[in-house]
Each structure stands twice: as C-alpha cells, then as structure tokens.
Amino acid sequence: MTTAPATPAPTADSVLDGLDPEQRQVATTLDGPVCVLAGAGTGKTRAITHRIAYGVHSGAYVPNRVLAVTFTARAAGEMRTRLRDLGVAGVQARTFHAAALRQLQFFWPQAVGGALPPLVEHKAPLVADACNRLRLPADRARVRDLAAEVEWTKVMLVDPDDYVRAATRAGRGEPGGLDLATVARLVRTYEDVKSDRAVIDFEDVLLLTAGVLDERPEVAATVRQQYRHFVVDEYQDVSPLQQRLLDLWTGGRQDLCVVGDASQTIYSFAGATPEHLLDFPRRHPGTTLVKLVRDYRSTPEVVGLANSVLSQATGRHARARLELIAQRPSGPPPSFTAYDDDVAEASGVAHRIAAEVRAGRSAKDVAVLFRTNGQSQALEAALADVGVGYVLRGGERFFARREVRDALVLLRGAARAALPGHDLGAEVRAVLTSAGWAERPPAGGGAVRERWESLQALVVLADELAESRPGAGLADLSAELEERASAQHAPTVDGVTLASLHAAKGLEWDVVFLVGVSEGLLPISFAETADEVEEERRLLYVGVTRAREAVHLSWAGARTPGGRAGRKPSRFLDGLRPQTAGAGRRSGAGATSGTSRRGAVVSRCRGCGAVLAAGAERKTGRCSNCPPTYDEAVYERLREWRTGVARAGAVPAYTVFTDATLTAIAEAAPEDLDGLSRIAGVGPAKLERWGADLLALLHPDD
C-alpha cells in the first residue's frame, strides 16, 4: 500500500508564495513602525498573518512574544486559524478587551490585592438603577441609549465633570431624550451604583489595566518584556482609551504594525476615530507606509461604483481614500431602481431574490442591507410572501422586538373595547401614543429612535390595511399582525441575510441589495454636520464593497402606497446613477452611465444633463445654459441669513445649512413647518431652532 506524500512544512520562503508585491512588502518588513492602509477586499488579514508567519519562520519573532489585536472575537479566531495553517502556534491573537482582561486578572492580586471584582456583562441593570436613584423614567430604549452614552464617556476618557462640555463639542445631542446636564448626573450616579455593587464593566477592564500599567512600573516592564511585537487590525476604529492602552503596552518601542482604512470608519458615534491611523506616520518617524489597493473580492463594476462613491467625499478622510483596482473578471453592472413606495421596494427586491434562488443561487449568498432596523419589517414580510427564508443579523426580527410585542398586547386589548365605524389609523395612533409613538420622530439616533421606527411601522401597516380593506377595525389589524408574526418566525437554515449597514461590516456576499438609498435614510435625517454626512457616505461605501459579484441599489418615492412621493434619491448617487433613474418605476442601466471608465464621478446638470465644469457649475448643480429653478432673490436672502447666523455662533456656514440644502429650500418654498421638515438637511433640531426664521424669509409678506 502506498502512502500519500506528506505536505511539506511551511518555511519562511513558502509563506511568501502567492502574495502580491504590496502584501509581500508588508510580510517582509519585520522591524520598525509599519502602517498598512488596506482598502476593502485587498487581503489585509492575509498580509498581516503572513507577516507574523514569516517573522516566526525566519527566526525574527518568538510566537508567544507577538500580540495581535483585533476588534472582534470572530476576527481573532480567524487569525489564529490562518496562523495555524501557516505552521505557527502560540501567537496571542485577541481583542483589546480579552488581552487586557487576561493581564488584569494576573496582575490585580499583586498590584491591588485581593480578587478582581466581578465583571458585569450588561450595563442595563446598573443604568436602570442609576435612573431610579435620579427618579428618571427607565424604559428599555432609554436605558440602552444611556448605556451607550456611559460607554462613550469611558472610551473617550471623558470625566463626568467635563461631560457637558465634551458632549456639546462632539454633538452628542440628547442621549435618551435627556439634556446633557442630566446625563452628566446619570454618568456619575452609574459609577456610584457600580461601586456600591463592587463590580466593574467592560470599559473598566481597559481603564484599570491602563491604570495598573501606568502606576506600577514593574508590571509595565513585565508586560513589555512578554510582548515584543504588536499588530493591530482595524486601526481606524481605535478609541482614545484603546490607544492609551496600546501606548502603555509598547512603552515607546517601535515594534508595531497597524492596519486600517479611514474610508471604513463608521463607528465614530461609539468613540472610534481614524485620527490615530492618519497621524501614525507623524507620531512614529521612520514609518514604512504600505498601501493595499488590489481588490480581490469584487468585480470591476462593483469596485468602480465603490471608487465613485468615495470620489465625492470631502474632509480629511477623503484625502486618505484609496483608489481600488479590481482583480476579478468582469460581472454585471450595478443596477439602480426607483420604486413608488417602501412596500413596492420590498416586494420588488424579494421577487428579484426569489428569481436568483430559482436560478440556482444559494439564499445564503445574498444580502439585503439597510440603514435602520425599522426598515426590516417590510423586507421580512415580502420575503415571507415569496417563500424565501431569511436570517436577521445584528438585531431581533421585527415581531420579536420588545416594543412590537408590547404594542400588540395594547392593540389586542383596545380591539376588545373598540366600537365599529371608527377610523383605524386614528385609533392605532391613539393606542400607540401610550407606548411612546409620536407624530414626529425623536431627534438623533439610538434605541429611542429605533423604538419609534418600529411603532411607526405598525402605524403604516394600519394605514395600508385601512386602504385595502375599508371598514377594517382594530380586531382585523390584530389578527393580521398575529398572522404575520406567526409566518415570519419559521426557522430558516439557508436564508437571505437581512442586516443594517453597521452590522454588515467585515462580511461579504455574492449579491448585495442596498435598499432605501434616499435622502432622509442615507444620509439619515439626523446627520446634520458635514462630518456626520460624510460618515453616512462611508456607510454606503461599506455596503457597496460587501458585494462580490453584483450590487443593486434602490429607493422609494413614498413611505406608504399612495402616499406623497416626497423622497429623493440619495445625494450620494448624484453623478453615479443613470440620468433616467427615477423617471420610471425602475432603471436597470449600468453604473457606467454616470461615471468615467476609471470610475471617477461625472457631475451633470440637473436641468439638461450636460457635463458640468468645475467650480461654480458643480456647486450649483446647473450649467450656465440652464436658469435656476428657484427665486434667486429668495436664495440670496437665505444665504445672507445663514452668514449672520454662522457669524453669531462663530461656526462655519455649512454647519448651519449647506448650499445644497438652501437651494432645496428655495426651490420647494414650503409654506409651513411640515413642508420644511420634508427637505433633506432640515433635521428636527434645525427645524425647531430656525424653522420660523426660514418661513419668514421665504414668505416675507405673509
């Protein structure tokens, strides 16, 4: 009997096989500070794992003296698996928290004495206790938002006494619907609750580890002796607290390799900042800078669209963007589809997915991505209608959400006492008002906003039922909702992924549908500053780059069937989608209609479609041959008013309103606050602050 030849053991030379020139440079640069700017799909994990393996096999690294830091346990597990396949064992690949916790558990007895206090997995009970001590309402959504705000203060190294100033400067809004002074008291009380219970939270793990290393030189010396070489993945997402810990780990040494992409910074609301990545060469003189731009994930068509999305970006992130170069064979062009309303969009997407599945595509290779969790309801229903299974990632199914389940109980109770002949929509609105629903969405994002969106989805369902079945009452609606809940809880194995854009980070599928790419959703309505809008653009970029073979973008003109078609396609699609998109029900033309061959944006006149020259033409969106579609005197009044407001507040003019928003206001000339609120760029906070002034400028004779 013959025996199959054994697979040769990996060597220093063999681990370099198959690397492209830039990846090879990363792998062979073992000394000194190294900064790797790695675009989406460019093989960054491959590059850094082969770097570690090459260092070990060449004798430059001792495995157990290498610490590779990742941001998720999944990424750490993948790195360990790849290293094992490369013949390397013993490297510590951990998240920041896991690495810090291990050190804290070991050094706490000698540095502080006694056992490390218990670690609480969830802040919610502690935050709820703090709310109760301050006699604040503590519903589930508010507690979630306040827990996130407590976390933000810690990762940003903000002292509770300095919270109001820091939160104001960062534009934190009103977390949990509370003013900043109240939130500051809540943060202090949270720390008191934690002390009374003698427990620590996850951020304390990093804070306490940093404190021990800072105050005990002998502990710091031991850690620095243990770990000589550091690799940090997703470096654009590090917080000030994580950077502080990293600085203490390295102790000023330069044996550090960081990897990241400023264009994928989408978690700034949680404290992530790409400034550490962008400033790395300045802070570490002699840095070897390597750019990975060969995209092995996506087709040239997808890569071209991704490049075009970022080519419109502004600010410091834009200057650091990477122009990706596709390495895969050509595929289908991106499609751009306009639908009449959200229901039609969900149904259209579901039918296209069903056709893909019938043609042999595995459902698990398809994803539908959206900006807010509230958008999932229509998609869940539409996929159930066409018999395609789905898996909701990063959140609960619509009918499993606490606020939805509570609302169904209220609606069933109200149905038992309801009298016939009443307006269903009005009755549902009255019932859901007691559950926290209001006509206008709350300012800002977070759990409070997500809860409102879930309840608003129920209001929309009621309106749809009233239109399709005149005379339907609360009992009919309750029965309809119960049926939907039952149908959509069927277990699925091979299902389409439904996920928010944030939850999709780091994942990929063959086919990706991006829904709701419209003003008010992407960018989200509460993204008011230039930085916030640019982060929304990066979200779209992340969504596009999740696709390997095909990407489909769509939007809806109205929220409900028969509703006013007040929505516009996202500004991020300007110059990217074919000029005919939105004129009919759908457009399937390729992305190249709005881009050059290399994927650069071609800006076109909104009036005649002619290519715009640089400068004033691109700023106004119209060529010199097309007159403006607004009263120029009104526009100038708005500009003069904005200048005065900006000067009085000592802020840049664009932070009040951008030129595009002023143009939209002048074009629409709304007569009331409701009409003004429908204009992209006029969020709830700005509407409340300046709405009356704007209406007076638009209609001075009223």
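What counts and what doesn't
Residues numbered from 1 in each chain as written. Predicted model: local features only at pLDDT ≥ 70, side-chain atom pairs only at ≥ 80, totals over all residues. Heavy atoms only, no water. Helix = DSSP H or I, 4+ residues; strand = E, 2+ residues; numbered from the N terminus. Contact = heavy atoms within 4.5 Å. Areas by Shrake-Rupley, 256 points an atom, 1.4 Å probe, with all protein chains shown as cover. Pairing = 2+ DSSP bridges. Axes fitted to C-alpha atoms, helices over the stretch in contact; angles between N-to-C directions. Buried < 20%, exposed > 50% of the residue type's maximum accessible area, 1.4 Å probe, protein only. pLDDT = per-residue confidence, 0-100. Phe/Tyr/Trp six-rings, centres within 6.5 Å; stacked < 30°, edge-to-face > 60°. Salt bridge = Lys/Arg side-chain N within 4 Å of Asp/Glu carboxyl O. Patch = residues over 30% accessible without salt bridge, like charges linked within 9 Å, V, L, I, M, F, W, Y side chains within 5 Å. Lys, Arg positive; Asp, Glu negative; His and termini not counted. Charge placed at Lys NZ, Arg CZ, Asp CG, Glu CD. Polar contact = N/O pair within 3.5 Å; in protein donor to acceptor, adjacent residues only side chain to side chain. Expected span 1.5 Å × (residues − 1). Arc of directions from axis to C-beta.

Draft legend 1. Quick peek at the overall build of the protein chain. The helix and strand tally for the protein chain stands at 27 helices and 14 strands. For the protein chain, long-range pairs separated by at least 24 residues make up 76% of all intrachain contacts whose partners lie at least 6 apart in sequence. Roughly 30800 Å² of accessible area belongs to the protein chain as shown, and the carbon and sulfur atoms make up 52% of that amount.

Draft legend 2. A look at the sheet that holds strand β11 (residues 390-393). Taken together, the six strands give an open sheet; going across it, the order is β9-β14-β13-β10-β12-β11, and neighbouring strands pair in parallel fashion. Of all the strands in the sheet, just β9 (335-341) and β11 have a single pairing partner and so form its edges. Recorded for the sheet is a direction-independent mean angle of 25° between the axes of neighbouring strands. Bridging between strand β10 (residues 366-370) and strand β13 (residues 509-514) involves four bridges; their strand directions are parallel. The partner of Ala367 across the bridge, within β13, is Val512. Together, β10, β11 and β12 (496-500) form the strand contacts of helix α17 (residues 376-385), whose direction differs from that of β11 by roughly 165°.

Draft legend 3. Local environment of the environment of Leu477. Counting through the fold element by element, Leu477 comes out in helix α21 (residues 474-487). Overall, the relative accessible area of 2% leaves Leu477 in the buried class.

Draft legend 4. Looking closely at the pairing of β10. Most of β10 is tucked away: five of the five residues are buried. Bridge count for β10 against β12 is four bridges, and the pairing is parallel. The partner of Leu369 across the bridge, within β12, is Ala499.

Draft legend 5. Highlighting the confidence of the model for the protein chain. Per-chain confidence: the protein chain averages 81 in pLDDT, with 85% of residues scoring 70 or above. By mean pLDDT, helix α23 (residues 616-620) is the weakest element of the protein chain at 46, and β13 is the strongest at 95. In this model residues 489-493 is a low-confidence stretch, pLDDT under 50, and it forms eight contacts with partners more than four residues away in sequence or in other chains. Low pLDDT, under 50, characterises residues 580-619; the stretch is placed with 94 contacts to residues that sit more than four places away or in other chains.

Draft legend 6. A look at the sheet that holds strand β1 (residues 34-38). Sheet architecture is open: six strands sit in the order β3-β2-β4-β5-β1-β6, paired in parallel fashion. Single-partner strands in this sheet number two, and they are β3 (92-95) and β6 (288-292). Averaged over neighbouring strand pairs, the angle between their axes works out to 15° when direction is ignored. As defined by bridge partners, strand β4 (residues 229-232) adjoins strand β5 (residues 256-260) across three bridges and the pair is classed as parallel.

Draft legend 7. Main features of the packing of aromatic side chains. Per the counting criterion, the structure on display carries eight aromatic pairs. Where Phe96 meets Trp249, the ring centres are 5.9 Å apart and the plane angle is 5°; that geometry is what we call stacked. Of the two residues, Phe96 is situated in helix α4 (residues 96-111) and Trp249 in helix α11 (residues 240-250); the sequence distance between them amounts to 153 residues. Considered together, Phe96 and Trp249 belong to a single accessibility category, that of buried residues. On the basis of an interplanar angle of 80° and a centroid distance of 6.4 Å, the ring pair of Trp152 and Tyr163 is categorised as edge-to-face. Taken together, the positions of Trp152 in helix α6 (residues 140-155) and Tyr163 in helix α7 (residues 163-170) put the pair eleven residues apart, joining distant regions of the chain. Put simply, the rings of Phe71, Phe96, Tyr227, Phe230 and Trp249 touch in pairs and so form one group of aromatic residues.

Draft legend 8. Spatial organisation of the pattern of salt bridges. Scanning the entire structure with this criterion turns up 35 salt bridges. Two residues, Asp162 and Arg165, come together in a salt bridge whose shortest N-O distance is 2.7 Å. By relative accessible area, Asp162 is classed as partly exposed at 28%. Residue Arg244 is joined to Asp214 by a salt bridge in which the shortest nitrogen-to-oxygen separation is 3.3 Å. Residue Arg244 is located in helix α11, and its partner Asp214 is located in helix α9 (residues 202-215); the two are separated by 30 residues in the primary sequence. Under the relative-accessibility criterion, Arg244 is labelled partly exposed at 34%.

Draft legend 9. Summary view of a negative patch on the surface. Where like charges cluster on the molecular surface, the negative patch consists of Asp631, Glu632, Glu636 and Glu640. Looking at the element boundaries, Asp631 is found in the loop between α23 and α24 (632-649). By relative accessible area, which is 45% here, Asp631 ends up partly exposed.

Draft legend 10. Structural context of the side chain of Thr250. Among the secondary structure elements, Thr250 is positioned in helix α11. Within the local environment of Thr250, its side chain forms a polar contact with the backbone oxygen of Asp247, the two atoms lying 3.2 Å apart. Residue contacts for Thr250: discarding those within four places in its chain leaves Arg224 and Phe230.

Draft legend 11. Seen up close, the environment of Arg639. Relative to the helices and strands, Arg639 resides in helix α24. Arg639 sits in the partly exposed class, given a relative accessible area of 28%. Distance in space between the C-alpha atoms of Arg639 and Thr663 is 9.6 Å, their sequence separation being 24 residues.

Draft legend 12. Seen up close, α6. Here α6 is 16 residues long and its end C-alpha atoms lie 23 Å apart, about the 22 Å a rise of 1.5 Å per residue gives. Summarising burial for α6: twelve of the 16 residues are buried, a large majority. Put simply, Asp139 is the residue that caps the front of α6, since its side-chain oxygen is 3.0 Å from the backbone nitrogen of Arg142. Directly beyond the C-terminal end of α6, a positive phi value near 60° is found at Leu157.

Draft legend 13. Main features of the environment of Leu507. With respect to the secondary-structure elements, Leu507 resides in the loop between β12 and β13. In this structure the C-alpha to C-alpha distance between Leu507 and Gly543, which are 36 residues apart in sequence, comes to 9.7 Å. Not counting the four nearest positions on each side in its chain, Leu507 is found in contact with Arg74, Arg393 and Arg546.

Draft legend 14. Region of interest: helix α3 (residues 73-85). With 13 residues, α3 extends 18 Å between its outermost C-alpha atoms, agreeing within 8% with the 18 Å of an ideal straight helix rising 1.5 Å per residue. Three or more residues of α3 are buried, namely Ala75, Ala76, Met79 and Leu83. Buried residues of α3, viewed axially, fall in a sector of 100°; they line one side. Residues of α3 that are exposed and point over 90 degrees away from its buried face: Ala73, Arg84 and Asp85. Where α3 is buried, its residues contact α2 (44-57), β2 (66-70) and β3. Two residues or fewer past α3, Gly87 is found with a positive phi of approximately 80°.

Draft legend 15. Region of the structure containing unusual backbone geometry. For the peptide bond that leads from Leu522 to Pro523, omega is 10°, which places it in the cis range. Structurally, the position occupied by Pro523 is in the loop between β13 and α22 (530-544). The phi torsion at Arg135 lies on the positive side, around 60°, for a residue other than glycine. For Arg135, the position within the fold is in the loop between α5 (124-133) and α6. Positioned with a positive phi, Leu157 is a non-glycine residue whose angle comes to about 60°. You can call Leu157 partly exposed: its relative accessible area is 45%.

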